[in-house]
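Spelled out, the chains give:
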Amino acid sequence: EVVEDLGEVGARQWSLYARWKMREFNELEDHLNRRLDASHAAATKYVIQFPTPMQTQLAKFVAYIAGSFAATCLAIGVMSGPILEKPFLAGQNFIWYTAFFGLILAVS
């Protein structure tokens, strides 16, 4: 967790190269520091918008499981059509389960 979220270890800082690229011609150090400090909130919002590797792996896992169940429901429905309309589990039919797993697949 600490390796993936370096913001937890210490304060984020602008690199020397970034400071050099952001600095205007003949700009004083305190003016540059004020501009960079003002940009900290926007830069933090930008970094937070990207998912963490753990979230990405979890979404891929959910998509894989939901896709396999949806494909199984579709295969059963193609092989035997009448089974689609009969109640299967908890009073729901195969069409409902196919739509449910397809929705989870689409969301993830």
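If you're wondering where the values come from, they're calculated on a predicted model, not measured in any experiment.

Asks: Even after reading the chapter, I still don't get the pattern of salt bridges, so can you show me in this structure?
Replies: Between side chains of opposite charge, a pair can form as their charged atoms come close. Going through the model one piece at a time under the given rule, you end up with two salt bridges. The salt bridge partner of R19 is E29, with a shortest N-O separation of 2.4 Å. On the criterion of sequence distance, the pair formed by R19 in helix α1 (residues 16-22) and E29 in helix α2 (residues 29-38) is long-range, its members being ten residues apart. Among the residues examined, E29 registers a relative accessible area of 38% and is labelled partly exposed.

Asks: Please explain the nonpolar core as it appears in this structure.
Replies: The nonpolar side chains of soluble globular proteins are, as a tendency, buried together. Ranked by size, the top nonpolar core spans five residues in total: A70, C73, F94, Y97 and F101. Those elements that provide at least two residues to this core are α4 (53-79) and α5 (94-107). Residue contributions to this core peak at three residues, all from α5. Setting aside chain neighbours within four positions, we find Y97 in contact with C73, F88, L89, A90 and Q92.

Basis of the calculations
- Residues numbered from 1 in each chain as written.
- Predicted model: local features only at pLDDT ≥ 70, side-chain atom pairs only at ≥ 80, totals over all residues.
- Heavy atoms only, no water.
- Salt bridge = Lys/Arg side-chain N within 4 Å of Asp/Glu carboxyl O.
- Helix = DSSP H or I, 4+ residues; strand = E, 2+ residues; numbered from the N terminus.
- Buried < 20%, exposed > 50% of the residue type's maximum accessible area, 1.4 Å probe, protein only.
- Core = buried A, V, L, I, M, F, W, Y, C linked by side-chain atoms within 4.5 Å.
- Contact = heavy atoms within 4.5 Å.

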